Amino acid sequence: MGSRLGPRIREDMKRVILSGGGTGGHIYPAVAVAEALKRRLGEEVELLFVGAEGKMEMEKVPALGYRIVGLPIAGLQRRLDWRNLLVPFKVLKSIRRARQTIRDFKADVVAGFGGYASAPILWAAQRMGVPTLIQEQNSYAGLTNKILAKRAKKICTAYEGMERFFPQESIRLTGNPLRGGFSKEGADRTEALNHYGFSPEKQTILVVGGSLGTRTLNEMMKSWILRLDRECPVQVIWQTGKYYEREMQEFLAAHPTRNIWQGAFINRMDYAYAAADLVISRSGAGTVSELCLVAKPVLFVPSPNVAEDHQTMNARALEEKGAAALVKDSACVEKAVDVALELLSDEKRLDSMRRNLELLARPRAAEDIVDEIIKLF
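About the thresholds
- Residues numbered from 1 in each chain as written.
- Predicted model: local features only at pLDDT ≥ 70, side-chain atom pairs only at ≥ 80, totals over all residues.
- Heavy atoms only, no water.
- Core = buried A, V, L, I, M, F, W, Y, C linked by side-chain atoms within 4.5 Å.
- Buried < 20%, exposed > 50% of the residue type's maximum accessible area, 1.4 Å probe, protein only.
- Helix = DSSP H or I, 4+ residues; strand = E, 2+ residues; numbered from the N terminus.
- Salt bridge = Lys/Arg side-chain N within 4 Å of Asp/Glu carboxyl O.
- Pairing = 2+ DSSP bridges.

Undergrad: Which parts of the structure should I look at to understand the nonpolar core?
TA: In globular proteins that are soluble, nonpolar side chains generally tend to be buried together. Counting residues in each nonpolar core, the largest one holds 61 residues, and the members touching the most others are Ile17, Leu206 and Leu318. With 6 residues, helix α9 (residues 269-275) is the largest single contributor of residues to this core. Within the second largest apolar cluster, 32 residues are counted, among which are Ile205, Met248, Val301 and Val327.

Below, the structure is given as structure tokens:
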């Protein structure tokens, strides 16, 4: 065992490498599966994460108590950039380090959850005869996963109809694994409303833009507030994100408006979901899965800045099943609030959306993926 991986592990243990990173949407599904493996196998399983050097997983994963090895992999810059010239060299170096990591760790299975590092570690494992599992989180498969799927033993998907991208015999519909125990029952609604200082007599909209925030959703809120006369007709939980926190605080100070709670973060998402009658949100894979579990009607505003337009595909997949509504990013500031208020006035449609979301929920996703990993030992 190389010193990079620390002390020698027991020879009789099962060893699983998990790779996912770049964003929380890739890291936390991998962590959810790691937690499920530990619950299931306890001391009989040894886990190792593989990430990309300089990416957020190199801090987040050790903070959760797991070991991680970093690969020097990087993606292409979207604009003409000299750093693109280094990418082939980084790929080759990453593959060499991935092979060494697999040998040192004596991996029984390698599971990839997306992010830069997943490609070299899965590619190396497949050519070394180590079984691989891919978890595809979106409704439209990315190019890398489509290529790697040809040699993968199992592909765990979150959406139906993925045989148009992957070999049908390898697919298992599991859903996206989540941390946090989200469910339809959730927190007590009265407690949740009290937490935000809200009344049970008014409907509540949750506007959530992710940890960093979303410029479009924040501009939507600013435009709406400017049209109001100091009081919002509904209650709003407005999560602005860390990046926009000061700007939005200054805006609200200049335009004080009743019935609006504003914060950079939401520490109790269970309260936010319990209080909300409708959610306005981006449509990343993790968010979509959470909303299915809590069965909250949603108006999606997909990000236009995501590779292969995954968020639009995710939102449309739910819209086609009557589980969500959709407004394009370019129309959000002008139209989204009006669409949201119209939805809130149509209780029959809200009920239908709740039922359809619940049908799409897969609360055992992490456990089902563990089932597939264990079959590969």
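Undergrad: I keep staring at unusual backbone geometry and nothing clicks. Help me out?
TA: Leaving glycine out, the prevailing phi sign among residues is negative, and the prevailing peptide bond configuration is trans. Positive phi outside glycine occurs at Lys106, with the angle close to 60 degrees. Within the secondary structure layout, Lys106 lies in the loop between α3 (87-105) and β4 (109-112). Look at Lys106 and you get partly exposed, because its relative accessible area is 39%. Positioned with a positive phi, Arg230 is a non-glycine residue whose angle comes to about 70 degrees. When you line up the elements, Arg230 lands in the loop between α7 (215-227) and β9 (231-239).

Undergrad: So what exactly am I meant to see when it comes to the pattern of salt bridges here?
TA: By the definition in use, this model includes 23 salt bridges. The partner of Arg179 in a salt bridge is Glu35, and the shortest N-O contact between them spans 2.8 Å. Separated by 144 residues along the polypeptide, Arg179 in the loop between β7 (171-173) and α6 (189-195) and Glu35 in helix α1 (residues 24-41) bring together distant segments of the chain. The residue Glu160 makes a salt bridge to Lys321 at a minimum N-O spacing of 3.5 Å. Residue Glu160 is located in the loop between β6 (154-157) and β7, and its partner Lys321 is located in the loop between α11 (310-319) and β13 (325-326); the two are separated by 161 residues in the primary sequence. Three or more residues joined by partner-sharing salt bridges are found here, namely Lys154, Arg172, Arg364, Asp368, Glu372 and Lys375.

Undergrad: Help me out: how do you make sense of the sheet that holds strand β12 (residues 298-300) in this one?
TA: Neighbouring strands of a sheet are bound in pairs by backbone hydrogen bonds; such pairs are parallel or else antiparallel. Read across the open sheet, the 6 strands follow the order β10-β9-β8-β11-β12-β13; overall the sheet is parallel. Strands at the two margins of the open sheet, each flanked by one partner only, are β10 (258-263) and β13. Across 3 bridges, the pairing between strand β11 (residues 278-281) and β12 is parallel. Bridging from a neighbouring strand, Ser281 pairs with Phe300 of β12.

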